[in-house]
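Single-letter residue listing:
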Amino acid sequence: MFVRARKLRAYLELVRVEQWYKNLMVGVPAVFALKLTDPGVYPKLALGFAALSMASSSVYAFNDVRDLEADRAHPTKRFRPLPSGRVSVGEALTLSASLAAASLALSLALEARFALCVLAYLCVSHLYSLFLKRVAVVDVTAIALNYLIRVVSGAALIRVEASPWLVSGFFFLALFLALSKRKAELAVAGSAAREVLKVYSERWLDQALSMAAAMTIVTYAVYCAEVPLGRRLVPTIPVMAFFLLRYSFALERGVGEQPHEIIVRDKPTLLAALALVASVLALAYLPIG
């Protein structure tokens, strides 16, 4: 019994359950389409979240197989299930294939267009694991694209149109987060931890982070100016700007590598994130005037 429980914990660690929060982006279109007051969207969103979580877990397991040798040299990743020997390569590949098949089956049962988005996510993710993660700039763009696919999949799932400005804003936000992770990795483990880090410099990453943050604010501001709902959200623009600035500050202080680590460990960043979400929901859904 103890051995089985330990193996289960290793599987759960392998599939990165703590990273499932990223799949909450499937609900973003519902928020901005004012669908949260419709009880009928919640079962679809819950199942869509489950499908994306299985797909992302499938990718994590496959990627860990590809990164096995590099992870063994990393100061913290060497304790993961594969490099530590708690899960074998065969077990990881079997789990990855099973989760991918289950994700596609569930998404196809929900909505054909949503299934296409999940398939696109899996294709981009596996190309990233096989080739794209070794190409500078392409690697972070692929990561940001997968965040974008999550948002678009949510619109397909509940059959609403997502604003191009909103979609662009989330792409640049995801690019900002991907670049911040590369900067943290470079600071913590150096170029030995990831092949692509050998061609990145701190100066370039700082410049790219500034550009991504600026584009996030600009596209969100244009959304607020051009879309009827967005005009109610104009007061949230400074909150968005503060969140990005504080996140950058926490990143510079070496708070963590993963986005959720930085947000949770730095209290002002966490408060800014909560304030942004709360103010968007309040201004969008509460009656004004």
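For the structure itself, look to the data block above.
All of these numbers come straight from a predicted model, not from anything done at the bench.

A. Structural detail: the side chain of Asn-146. Its place among the elements puts Asn-146 in helix 8 (residues 138-158). We classify Asn-146 as buried; its relative accessible area is 8%. Not counting chain neighbours up to four residues away, the residues in contact with Asn-146 comprise Tyr-121, Val-124 and Ser-125.

B. Representation of the nonpolar core. Core analysis: the biggest nonpolar cluster contains 52 residues, and Phe-32, Phe-170, Phe-176, Leu-179, Tyr-223 and Leu-233 have the highest contact counts within it. The element best represented in this core is helix 9 (residues 164-189), accounting for 14 residues. Setting aside its immediate chain neighbours within four residues, Leu-179 contacts Val-140, Trp-204, Leu-205, Ala-208, Leu-209 and Ala-212. Counting 24 residues, the second largest nonpolar core, distinct from the first, contains Val-26, Leu-122, Ile-149 and Leu-157.

C. Seen up close, the pattern of salt bridges. Under the definition given, this model contains 12 salt bridges. The partner of Lys-133 in a salt bridge is Asp-67, and the shortest N-O contact between them spans 2.2 Å. Of this pair, Lys-133 sits in the loop between helix 7 (112-130) and helix 8 while Asp-67 sits in the loop between helix 3 (41-66) and helix 4 (68-72), and the two are 66 residues apart along the sequence. A relative accessible area of 6% places Lys-133 in the buried class. With a relative accessible area of 14%, Asp-67 lands in the buried category. Close ionic contact of Arg-182 with Glu-185 constitutes a salt bridge, the shortest N to O distance being 3.2 Å. Remark: Glu-185 and Arg-182 occur in helix 9; sequence separation between them is three residues, near one turn of the helix. Of the residues examined, Glu-185 reaches a relative accessible area of 2% and is grouped as buried.

D. Representation of helix 10 (residues 202-226). The first and last C-alpha atoms of helix 10 sit 36 Å apart over 25 residues, in line with the 36 Å expected at 1.5 Å per residue. For helix 10, the complete set of buried residues consists of Leu-205, Ala-208, Leu-209, Ala-212, Ala-213, Thr-216, Thr-219, Tyr-220, Tyr-223 and Cys-224.

E. Examining helix 11 (residues 237-252) more closely. For helix 11, built from 16 residues, the straight-helix expectation of 22 Å at 1.5 Å per residue is met to within 8% by its first-to-last C-alpha distance of 23 Å. For helix 11, the set of buried residues is Ile-237, Met-240, Ala-241, Phe-243, Leu-244, Arg-246, Tyr-247, Ala-250 and Leu-251. After helix 11 finishes, the residue Gly-254 shows a positive phi value of roughly 75 degrees.

F. Spotlight on the packing of helix 11 against helix 13 (residues 267-285). In contact at an axis separation of 9 Å, helix 11 and helix 13 are set at 155 degrees when each is read in the N-to-C sense. In this view, helix 11 runs roughly antiparallel relative to helix 13, as classed from their interaxial angle. Viewed along their axes, helix 11 and helix 13 form a crossing whose handedness is left-handed. Contacts between helix 11 and helix 13 involve Val-239, Met-240, Phe-242, Phe-243, Arg-246, Tyr-247 and Ala-250 from the first element and Pro-268, Thr-269, Ala-272, Ala-273, Ala-275 and Leu-276 from the second. Partitioned by chemical class, the residues of the contact of helix 11 with helix 13 number 11 nonpolar, one polar and one charged.

G. Representation of the side chain of Arg-182. Residue classification places Arg-182 among the buried residues on the basis of a relative accessible area of 1%. Among the polar contacts listed, one links the side chain of Arg-182 to the side chain of Tyr-128, at a separation of 2.7 Å. Not counting residues within four places of it along the chain, the set of residues in contact with Arg-182 comprises Tyr-128, Asp-139, Val-140, Ile-143, Arg-194, Val-196, Leu-197, Tyr-200 and Leu-205.

Cut-offs used in this document
- Residues numbered from 1 in each chain as written.
- Predicted model: local features only at pLDDT ≥ 70, side-chain atom pairs only at ≥ 80, totals over all residues.
- Heavy atoms only, no water.
- Helix = DSSP H or I, 4+ residues; strand = E, 2+ residues; numbered from the N terminus.
- Buried < 20%, exposed > 50% of the residue type's maximum accessible area, 1.4 Å probe, protein only.
- Contact = heavy atoms within 4.5 Å.
- Core = buried A, V, L, I, M, F, W, Y, C linked by side-chain atoms within 4.5 Å.
- Salt bridge = Lys/Arg side-chain N within 4 Å of Asp/Glu carboxyl O.
- Expected span 1.5 Å × (residues − 1).
- Axes fitted to C-alpha atoms, helices over the stretch in contact; angles between N-to-C directions.
- Parallel < 35°, antiparallel > 145°, perpendicular 65-115°, else oblique.
- Left-handed = near helix turned anticlockwise from the far one by under 90°.
- Nonpolar A, V, L, I, M, F, W, Y, C, P; charged D, E, K, R; others polar.
- Polar contact = N/O pair within 3.5 Å; in protein donor to acceptor, adjacent residues only side chain to side chain.

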